[in-house]
Amino acid sequence: MSRIGKMPIAIPAGVTVTIAENNKVTVKGPKGTLERDLAPEMTIEEKDGHIIVSRPNDLKKMKSLHGLTRTLLNNMIHGVTEGYQKVLEVNGVGYRAAKQGKTLVLNLGYSHQVDMVDPEGIETVLDGQNKIIVKGISKEKVGQYAAEIRDKRRPEPYKGKGIKYADEVIRRKVGKTGKK
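A few points on the structure.

Analysis parameters
Residues numbered from 1 in each chain as written. Predicted model: local features only at pLDDT ≥ 70, side-chain atom pairs only at ≥ 80, totals over all residues. Heavy atoms only, no water. Pairing = 2+ DSSP bridges. Helix = DSSP H or I, 4+ residues; strand = E, 2+ residues; numbered from the N terminus. Axes fitted to C-alpha atoms, helices over the stretch in contact; angles between N-to-C directions. Buried < 20%, exposed > 50% of the residue type's maximum accessible area, 1.4 Å probe, protein only. Contact = heavy atoms within 4.5 Å. Polar contact = N/O pair within 3.5 Å; in protein donor to acceptor, adjacent residues only side chain to side chain. Phe/Tyr/Trp six-rings, centres within 6.5 Å; stacked < 30°, edge-to-face > 60°. Lys NZ or Arg CZ within 6 Å of the ring centre and 35° of its normal. Core = buried A, V, L, I, M, F, W, Y, C linked by side-chain atoms within 4.5 Å.

Taken in spatial order, the three strands of this open sheet run S2-S3-S4, and their pairing is antiparallel. The open sheet has two edge strands with one neighbour each: strand S2 (16–19) and strand S4 (32–37). The average angle at which neighbouring strand axes cross in this sheet is 10°, direction not considered. Where strand S3 (residues 24–29) and S4 come together, six bridges link them in antiparallel fashion. Among the inter-strand pairings, Thr26 is bridged to a residue of S4, identified as Glu35.

Put into C-alpha cells, the structure is as follows:
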C-alpha cells in the first residue's frame, strides 16, 4: 500500500470539497477556489471530515497515481487555506526589481528592461529592490511563475550574479589564473 496515498487528508474548518463525476474536484476556502480533474481510476470519498483516496488494484500505474492523487488534493487544500509563496533574490551590481501596477519590471544588465505581467491568481510583492516574493493559492502556478522570473537571468557560478531562489545554493567556481 502506498504510504502517502493511504493517509487521510483532514479538511480544515471553512473549506468545502466537492467531488463531481470523473473525479473533478473543487476546493473552496478562505483564500479562493481551486478546481482540478484527477485520475478517474482512483476512488475519492469524504468520510467524517477526512478525504480518503483508494486505488482499484495493484498495477504499477495505479500505485503511482495513488500517491499523486492524494498529494494533489492535499496541495489544493493547503493552497486555499494558507497559500504558497516562493522568495527570489536579485544579485548583481545595478540589478534590481520594481513594481508598476501588475507588472514586474526587472533591470538585469541587458540593454532593455524586462517586463513581466503577473498571471491570473498570482501576486508578486517586492521586499526592497532585490527580493521578489511570488504568492498564490496554486502550488503549480507559483512555482512555474517563479521559474519563469528566474529564467530571465539565471545565477552564474563565477560572481553569483542573477536571480536565484532564497534557499538555493550556488556552487561557485574559481576564475582564470594569470600566467607566470
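Quick look at the pairing of S3 now. Sheet analysis places S2 next to S3, joined by four bridges and oriented antiparallel. The residue of S3 that forms the bridge with Val17 is Val27. In this structure, the hairpin formed by S2 and S3 is closed by a connection of four residues, where Asn22 is found at a positive phi of approximately 55°.

Time to look at the side chain of Asn23. Following the sequence through the fold, Asn23 ends up in the loop between S2 and S3. You can call Asn23 buried: its relative accessible area is 9%. If we skip the residues at most four places from it in the chain, Asn23 touches Arg36, Asp37, Leu38, Ala39, Pro40, Met42 and Ile44.

Attention now moves to the environment of His50. Tracing the chain through its elements places His50 in strand S6 (residues 50–54). Given the relative accessible area of 31%, His50 is considered partly exposed. Between the C-alpha atoms of His50 and Asp115, which are 65 residues apart in sequence, the distance is 43 Å. Filtering out sequence-adjacent residues up to four positions away, His50 remains in contact with Pro8, Ile9, Ala10, Ile11 and Glu45. Among the polar contacts listed, one links the side chain of His50 to the backbone oxygen of Asp48, at a separation of 3.3 Å.

To continue, consider the packing of aromatic side chains. Summed over the entire model, instances satisfying the criterion amount to zero aromatic pairs. Looking at Lys86, its charged tip hangs above the ring of Tyr165, at a distance of 5.3 Å from the centre. Lying over the aromatic face of Tyr110, Arg153 brings its terminal NZ or CZ to 4.3 Å of the ring centre.

If you look at the biggest cluster of nonpolar residues, it comprises 20 residues, and the most contacted ones within it are Val17, Val25, Val27, Ile44, Ile51 and Leu73. Contributions of two or more residues to this core are made by S3, S6 and helix H1 (60–81). Among the nonpolar cores identified, the runner-up in size contains 19 residues, and Leu88, Ala97, Leu106 and Tyr145 belong to it.

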